[in-house]
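Next come the chains, spelled out residue by residue.
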Amino acid sequence: MATIDTAINAIHLLFAGLWAGSVLFLARGLLPAARDGDFDAAPLRSLIGRFRTWSRVSSLVLLLTGGHLAGTRYTAESLLGSPRGYLVVAMVVLWFGMSGLIEVGSGRLVDGLDERKVREPARAATPFLTAAAVAGVGLLVIGGVLL
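Model, not experiment: these values are computed from the prediction.

Asks: Requested: an account of the environment of Leu94, with residues and values cited.
Replies: By the element assignment, Leu94 lies in helix α4 (residues 83-114). Along the sequence, Leu94 and Gly138 sit 44 residues apart, while their C-alpha atoms lie 7.7 Å from each other. Residues in contact with Leu94, not counting those within four places in the same chain, are Ala135, Gly138, Leu139 and Ile142.

Asks: So what's going on with the UniProt feature "transmembrane region" (unreviewed entry) in the chain? Which residues, and what values?
Replies: Within this numbering scheme, the UniProt entry marks residues 6-27, 54-74, 86-104 and 125-146 as carrying the feature "transmembrane region" (unreviewed entry). Segment residues 54-74 splits into 95% helix and 0% strand. End C-alpha atoms: 29 Å apart. As a span, residues 125-146 carries 100% helix and 0% strand, and end to end its C-alpha atoms are 31 Å apart.

Asks: Before we move on, can you summarise helix α1 (residues 2-35) with the specific residues and values?
Replies: With 34 residues, α1 extends 48 Å from end C-alpha to end C-alpha; this agrees with the ideal 50 Å at 1.5 Å per step. Its maximal kink placed at Leu26, α1 deviates by approximately 35°. Trailing α1 by a residue or two, Gly37 shows a phi angle of about 85°, which is positive.

Asks: How would you explain unusual backbone geometry if you had to name every residue and give the values?
Replies: The backbone of Arg116 shows a phi angle near 70°, a positive value even though the residue is not glycine. Take Arg116: it is sitting in the loop between α4 and α5 (119-146). Residue Arg116 is classed as exposed on the basis of its relative accessible area of 63%.

Basis of the calculations
Residues numbered from 1 in each chain as written. Predicted model: local features only at pLDDT ≥ 70, side-chain atom pairs only at ≥ 80, totals over all residues. Heavy atoms only, no water. Helix = DSSP H or I, 4+ residues; strand = E, 2+ residues; numbered from the N terminus. Contact = heavy atoms within 4.5 Å. UniProt positions renumbered as here; feature names shortened; annotations may be inferred. Expected span 1.5 Å × (residues − 1). Bend = angle between axes of the 7 residues up to and from the residue. Buried < 20%, exposed > 50% of the residue type's maximum accessible area, 1.4 Å probe, protein only.

Next comes the structure, spelled out in structure tokens:
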């Protein structure tokens, strides 16, 4: 059982790092270039489509692996009555927030890109995806504390 938990933990950490990193790259790397008009709509739309797929898969994997890890490491009492439990609950809240912010931000971006616009959709998506990146960094920090 320990090897299964170790593998699930490794998968969880891998997907968490890649998910947070991809959101950070999008928010601080691609969107500023899009706001400056350095991208055409079609290639950016393709990139964002891949990002959205990756984000949804990562979010699901994190839900499943995190649920397993929390279920095997904590009881209801320890989740709601200990500092480590509070950190796990904070991670769940950040996970929901990050997932929602990514969906709203990428949706605003895609809607504009479908109209062949780039700069304005990038501006509209920036606050949501920047907040998602901050949530992702917060998740990684809390995850590091829990290790």
